[in-house]
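So you can see what is in the structure, the chains are spelled out below.
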Amino acid sequence: LPAQGSLLYLDTLRATFPRALAPRGTALLSWTPGHPRAPAGWPLPTLYCTPARAGTLPSRAAALRVQLLFALRERVLHVLEAGLASELHDALATLRASWPELAQDLELGRLSPQPGLPEGERGRLQALLVPDAARAAELRAECGCGFEGIVRRLWPQLEVVVLGTAHGAEQLYCDALRQADCKGLPFYCPFYQAAGALLGVNLWPKEPAPRFLLCPDWAFYEFLPCPAKEEPQTVLLDELWEGREYELVLTARPREYRCRAGEVLRVAGFHKQCPVVEPVRRESQVLSVRGESISEEWFCRSLCRTVGMWPGARLVDYVCVESALLGASSGACAPHYEVFMELRGLRDLSEGQRYKLDQCLQEDFPTYKSFRFKGSIGPLRLHLVGAGAFARLREALGSPVPMPRVLREERLLQLIQGTVIS
């Protein structure tokens, strides 16, 4: 990150949440294999109560569990930080599933053996722990009362949740965390990055949707107006119009490459003549078996509307794939969508409930409805997967970046197919 970006972030965080920069007042839950780093700011080790080496463990699940244990030791936390919303979600899912074991580790001052935690690293990390029976008792008492609002109950002085990425594919997890585990806490995503470059900073931490100020000297920006014309011409920063959408074309230092980043941005306004943008979607995340071009953003809206019609159901995560990728296993019908989803609160779906998603897509997308009426697109097929399937998929993916919601890789598809329960 450019030093200017890190300093802007820290200044904004301190101005909005005065106790946020207190020593050891931040817990980091993030998997960064290879080298320790703070995903959302300046690498100031004195801010963190979680050891840097915990994030570099070879296993994502082990890294998040170890960091969670060190975070639970501290009662006075002001900031909970994660690289991805899904990392925070998976760490809290570990808390739900393993709080008795975590409480025992706190009480005894030990770090239990676990897959993906080398014995040498376990010894070095365990040396940093001390027995804390009082904190273990607090953990047992709070978890025994359920998990609604558990984050604020465990850390009463917590002020903000900081996320390295909180939009696009991660938005679903942000919404789930706000509704349950992190109820009542503001979420702050400080940076906008694309194609490996830092492009903007969020100066409005308390806004519900992240907005980013594009900084002119961090990269060279060009923009293609959306929807695209037959012979599109790029425009520059000073030619943008408020309220319009643009695809980002980027030339980033130090390698000075020019590329279409695949990111679509909406201009939300201007701050001191610099544009303030909101990420809208990624152009590559589009479903199109017959040219209907349904974006990930709009498919997710239809899916969430459908889940709202299933009493008691809460959507955990999903992926969608075009049936051609499945080959013969997709059946002999016309090309169609195959949707794999993990639900909480509902164990099975009737045929009528499953058809609701296809029905909502037809209502929301006339082109899709036309192709369905003609029979050139077949009925959507919906599959439920077991609890924790997507956490295991992210572990197998072995990459600390958001997982795509429109699958294009056969390897990922085989992994998720192995978790189908109905």
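See the structure above.
Residues numbered from 1 in each chain as written. Predicted model: local features only at pLDDT ≥ 70, side-chain atom pairs only at ≥ 80, totals over all residues. Heavy atoms only, no water.

Caption draft 1: Summary view of the overall build of the protein chain. Broken down by element type, the protein chain carries 12 helices and 16 strands. Considering only C-alpha atoms, the protein chain reaches an extent of 65 × 55 × 35 Å along its principal axes. Taken across its 422 residues, the protein chain has 53% of its residues classed as buried. Taking contacts inside the protein chain between residues at least 6 apart in sequence as the whole, the part at least 24 apart equals 65%. Just so you have it, the protein chain exposes about 18800 Å², and 54% of that area is on carbon and sulfur atoms. Where the 48 positive side-chain charges of the protein chain centre and where its 47 negative ones centre are 3 Å apart. (Helix = DSSP H or I, 4+ residues; strand = E, 2+ residues; numbered from the N terminus. Buried < 20%, exposed > 50% of the residue type's maximum accessible area, 1.4 Å probe, protein only. Contact = heavy atoms within 4.5 Å. Areas by Shrake-Rupley, 256 points an atom, 1.4 Å probe, with all protein chains shown as cover. Lys, Arg positive; Asp, Glu negative; His and termini not counted. Charge placed at Lys NZ, Arg CZ, Asp CG, Glu CD.)

Caption draft 2: Representation of the packing of helix α2 (residues 60-73) against helix α3 (residues 85-108) in the model. At a minimum axis separation of 9 Å, α2 and α3 run at an interaxial angle of 65°. Considering how the two elements wind past one another, α2 and α3 form a crossing that is right-handed. Where α2 abuts α3, its residues Arg60, Leu64, Arg65, Leu68, Leu69, Leu72 and Arg73 lie against Ser86, Glu87, Asp90, Ala91, Thr94, Leu95, Glu101, Leu102, Asp105 and Leu106. A breakdown of the residues in the contact of α2 with α3 according to their chemical character gives eight nonpolar, two polar and seven charged. (Axes fitted to C-alpha atoms, helices over the stretch in contact; angles between N-to-C directions. Left-handed = near helix turned anticlockwise from the far one by under 90°. Nonpolar A, V, L, I, M, F, W, Y, C, P; charged D, E, K, R; others polar.)

Caption draft 3: Seen up close, the sheet that holds strand β1 (residues 26-29). Sheet architecture is open: four strands sit in the order β1-β2-β3-β4, paired in parallel fashion. Edge strands, defined here as strands with exactly one partner in the open sheet, are β1 and β4 (187-188). Here strand β3 (residues 160-165) runs beside β4; their pairing, made up of two bridges, is parallel. Of the residues in β4, the one forming a bridge with Val161 is Phe187. (Pairing = 2+ DSSP bridges.)

Caption draft 4: How the structure looks around the pairing of β3. Here β3 lies mainly inside the structure; five of its six residues are buried. Judged from the five bridges that link them, strand β2 (residues 79-84) and β3 form a sheet pairing that is parallel. Bridge pairing in β3 links Leu80 to Val161.

Caption draft 5: Examining the pattern of salt bridges more closely. Tallied over the full model, the rule gives 31 salt bridges. Members of the salt-bridge network, linked through shared partners, are Arg60, Asp90, Asp317, Arg394 and Arg405. (Salt bridge = Lys/Arg side-chain N within 4 Å of Asp/Glu carboxyl O.)

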